[in-house]
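As a plain string of letters, each chain reads:
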Amino acid sequence: KMVDVKRPFRVIELAKGAEEIDREKVKIDSDEAIEKALAEPILKDIQVKSVEARLENSKTGPVWRLRLWAAKLNKPSETSDIGKVTLTADDATVIETDIHLNRLD
């Protein structure tokens, strides 16, 4: 039985109002965004175990922000947060890659 639902307090949204995402500009879904991100050359030999996908507004329009966890090299049963990849939601162009492979040691 659910007793309570907590929502994060968002001061900035209260002050300026929350902007809705323009759904017509979202041409790809999360599965396609993840597939495109995993095709990046830096992730070629990395075993990505899980991905957190968020659809957010940016100055240029909606973007997918993907946080990646991968299997450690010495202990494949453990995972490590290796960073994030940001893609446009209209054509899946990678606009930011912040991957830290040194975290897999």
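Residues numbered from 1 in each chain as written. Predicted model: local features only at pLDDT ≥ 70, side-chain atom pairs only at ≥ 80, totals over all residues. Heavy atoms only, no water.

Participant: Please clarify how the overall build of the protein should be interpreted in this entry.
Facilitator: A tally of regular secondary structure across the protein gives two helices and four strands. Looking at the protein as a whole, 24% of its 105 residues qualify as buried. Across the protein, contacts joining residues at least 24 apart in sequence account for 42% of those joining residues at least 6 apart. Split by element, the accessible area of the protein, about 7,900 Å² in all, is 47% carbon and sulfur. (Helix = DSSP H or I, 4+ residues; strand = E, 2+ residues; numbered from the N terminus. Buried < 20%, exposed > 50% of the residue type's maximum accessible area, 1.4 Å probe, protein only. Contact = heavy atoms within 4.5 Å. Areas by Shrake-Rupley, 256 points an atom, 1.4 Å probe, with all protein chains shown as cover.)

Participant: Got a minute to help me understand the pattern of salt bridges in this structure?
Facilitator: Any two side chains of opposite charge can pair if their charged atoms end up close together. If you walk through the whole model with that rule in mind, you get four salt bridges. Arg65 serves as the salt-bridge partner of Glu56, at 2.6 Å between the closest nitrogen and oxygen. Between Glu96 and Lys84 there is a salt bridge whose closest N-O contact spans 4.0 Å. Placement of the pair is Glu96 in strand S4 (residues 94-99) and Lys84 in strand S3 (residues 79-88), with a sequence separation of twelve residues. Given a relative accessible area of 25%, Lys84 falls into the partly exposed group. (Salt bridge = Lys/Arg side-chain N within 4 Å of Asp/Glu carboxyl O.)

Participant: Got a minute to help me understand the nonpolar core in this structure?
Facilitator: The nonpolar side chains of a soluble globular protein tend to be buried, and buried together. Judged by nonpolar contacts, the single largest core of 16 residues is most densely connected at Leu43, Ile46, Leu68, Ile82, Val85, Leu87 and Ile99. Put simply, the parts of the chain that give this core at least two residues each are helix H2 (30-38), strand S2 (61-71) and S3. At four residues, the largest contribution of residues to this core is made by S2. Beyond its immediate sequence surroundings of up to four residues, Leu87 is in contact with Ala33, Lys36, Ala37, Val63, Trp64, Leu66, Ala92, Thr93, Val94 and Ile95. (Core = buried A, V, L, I, M, F, W, Y, C linked by side-chain atoms within 4.5 Å.)

Participant: How should the sheet that holds S4 be read in this particular structure?
Facilitator: Pairing between sheet strands relies on hydrogen bonds along the backbone, with the strands arranged either parallel or antiparallel. What the four strands build is an open sheet, ordered S1-S2-S3-S4; its pairing is antiparallel. Both outer strands of the open sheet, strand S1 (48-58) and S4, are each paired with one neighbouring strand and no more. The mean angle between the axes of side-by-side strands here comes to 15 degrees, regardless of whether they run parallel or antiparallel. Taken together, the ten bridges between S1 and S2 define a ladder with antiparallel strand orientation. In the strand pairing of S2, Glu52 is matched with Arg67. Docked against the sheet, H2 engages S1, S2 and S3, running at close to 60 degrees with respect to S2. (Pairing = 2+ DSSP bridges. Axes fitted to C-alpha atoms, helices over the stretch in contact; angles between N-to-C directions.)

Participant: Honestly, the confidence of the model for the protein in this entry has me stumped. Any pointers?
Facilitator: In regions of low pLDDT, the predicted coordinates are not meant to be interpreted in detail. Residues with a pLDDT of 70 or more make up 83% of the protein, whose mean pLDDT is 86. Mean pLDDT across the secondary structure elements of the protein bottoms out at helix H1 (residues 11-16), with 62, and peaks at S3, with 96. (pLDDT = per-residue confidence, 0-100.)

Participant: Got a minute to help me understand the pairing of S2 in this structure?
Facilitator: In summary, the side chains of a regular strand alternate between the two faces of the sheet. With respect to burial, S2 is a largely interior element, eight of its eleven residues being buried. Two elements, S2 and S3, share nine bridges in a ladder whose sense is antiparallel. Its bridge partner lying in S3, Trp64 is registered against Leu87.

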